[in-house]
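Geometric and topological summary
Spelled out from the first residue to the last, the chains are:
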Amino acid sequence: MNNGFSTGEEDSRGNSDQICCLVDDGDRCRRPAGNASYSKRVQKTVAQRRLKLNIDHQARHTYICDYHKNMIQCARTKQRRPKDSEDDSNEAEMDCPEIDWYQLQVNTLRRYKRHYKVPTRPGLNKAQLADAIQKHFKSLPVNEKEIMTYFIYMVKTNGNKLDQKNGMNSDSL
């Protein structure tokens, strides 16, 4: 089970009795393992970012806890972040992805790409497509003041965006 693939035996009993397979700075993690696997790609990210994580070779699985999964995802995101300015230091906390693009199905990623006309080269694998879409999603402009104003208006009028599209509003109901 070292290659990250399941034999089926592990799936039948679930991950409830498994703990994270990682050693964090010399101490074995005691958190319950999730469904994220410590794959070769993840190991490469850990090595590039010099995170003090190693796999415990006595573990019979390669599943990691949600804490380490988020730590590695944040490291991956920060790796791609341009270091242009010093004044955006508070953005480091917000760089952790709220959407795990890697968990979405390839068809979903392709539909997003087609809908938003995201330019990519042909033949991308799922991880590359997820990276491209995540980059596009983070680049979308957001007018926070306008969104908050609209949200407060909708809450006060008990309306929603679907009512507006159908030509209805809460006054006509």
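What counts, and where the lines are drawn
- Counting restarts for each chain: residues are numbered from 1 in the order of the written sequence.
- The predicted origin of the model limits local features to residues at a pLDDT of at least 70 and limits the giving and counting of side-chain atom pairs to 80 or more, whereas totals for whole chains, interfaces and linings rest on all residues.
- Excluded from the side-chain calculation are hydrogens and water; included are all heavy atoms of the structure.
- UniProt positions are given in the numbering used here, feature names are shortened, and annotations may be inferred rather than shown by experiment.
- A pair of Phe, Tyr and Trp rings is counted when the ring centres sit within 6.5 Å of each other, with Trp represented by its six-membered ring. The angle between the planes then sorts it: under 30 degrees is stacked, over 60 is edge-to-face, the rest tilted.
- Counting from the N terminus, the helices are DSSP H or I runs at least four residues long and the strands are E runs at least two residues long.
- A side-chain nitrogen of Lys or Arg and a carboxyl oxygen of Asp or Glu constitute a salt bridge if their distance falls within 4 Å.
- Burial status follows relative accessibility: with a 1.4 Å probe on protein chains alone, a residue under 20% of its type maximum counts as buried, one over 50% as exposed, and anything between as partly exposed.
- Only C-alpha atoms enter the line fits that serve as axes; for helices the fit covers just the stretch in contact. Angles between N-to-C directions range over 0 to 180 degrees.
- Throughout this description, any angle smaller than 35 degrees is read as roughly parallel, any larger than 145 degrees as roughly antiparallel, any in the 65 to 115 degree range as roughly perpendicular, and the remainder as oblique.
- Crossing handedness is read from the near helix: turned anticlockwise from the far helix by less than a right angle, it gives a left-handed crossing, and turned clockwise, a right-handed one.
- Contacts are assigned to residue pairs that have any heavy atoms within 4.5 Å of one another.
- Residues were grouped as follows: Ala, Val, Leu, Ile, Met, Phe, Trp, Tyr, Cys and Pro as nonpolar; Asp, Glu, Lys and Arg as charged; and all remaining residues, including Gly, as polar.
- Here, any two strands with at least 2 DSSP bridges between them count as paired.

The protein chain carries the name Histone deacetylase complex subunit SAP30 homolog in an unreviewed UniProt entry, which gives Parnassius apollo as its organism. What the UniProt record of the protein chain gives under Subcellular location (unreviewed entry) is the line "Nucleus". Turning to the protein chain, the UniProt annotation filed under Sequence similarities (unreviewed entry) states: "Belongs to the SAP30 family."

The subject of this paragraph is the packing of aromatic side chains. Applying the stated criterion across every chain yields a total of 3 aromatic pairs. For the pair Trp 101 and Tyr 112, a centre-to-centre distance of 5.7 Å together with 65° between the ring planes defines the contact as edge-to-face. With Trp 101 in the loop between α4 (91–94) and α5 (106–116) and Tyr 112 in helix α5, the pair connects residues that are 11 residues apart, well separated along the chain. An aromatic cluster is defined as three or more aromatic residues linked by ring pairs; in this entry it consists of Trp 101, Tyr 112, Tyr 116 and Phe 137.

Moving on to the pattern of salt bridges. A pair can form between side chains of opposite charge whenever their charged atoms are brought close. Inspection of the entire model under this criterion finds 2 salt bridges. Of the charged contacts, one joins Asp 56 and Arg 28 as a salt bridge, the two residues approaching to 2.4 Å between their closest N and O atoms. You can see Asp 56 sitting in the loop between β4 (53–55) and β5 (63–64) and its partner Arg 28 sitting in strand β2 (residues 27–28), a full 28 residues away along the chain. On the accessibility criterion, Asp 56 (17% relative accessible area) is buried. Residue Asp 100 pairs with Lys 69 through a salt bridge whose shortest N-O separation is 3.3 Å. Of the two residues, Asp 100 sits in the loop between α4 and α5 while Lys 69 sits in helix α3 (residues 66–80), which places them 31 residues apart along the sequence.

With that settled, the discussion passes to the packing of α5 against helix α6 (residues 126–139). The contact between α5 and α6 brings their axes to 10 Å, and the two run at 40°. The angle between α5 and α6 places the two elements in the oblique class. Considering how the two elements wind past one another, α5 and α6 form a crossing that is left-handed. Judged by residue contacts, Val 106, Leu 109, Arg 110, Tyr 112, Lys 113 and Tyr 116 of α5 engage Lys 126, Leu 129, Ala 130, Ile 133, His 136 and Phe 137 from α6. When grouped by side-chain class, the residues that make up the contact of α5 with α6 number 8 nonpolar, 1 polar and 3 charged.

On the secondary structure map, Tyr 67 appears in helix α3. Between the C-alpha atoms of Tyr 67 and Arg 31, which are 36 residues apart in sequence, the distance is 8.2 Å.

The next point concerns the sheet that holds strand β1 (residues 22–24). Taking strand neighbours across the sheet as the criterion, the 3 strands line up as β2-β1-β4 in an open arrangement whose pairing is antiparallel. Each end of this open sheet is capped by a strand with a single partner; those strands are β2 and β4. Bridging between β1 and β2 involves 2 bridges; their strand directions are antiparallel. In the sheet register, Asp 24 faces β2, and the bridge partner there is Asp 27.

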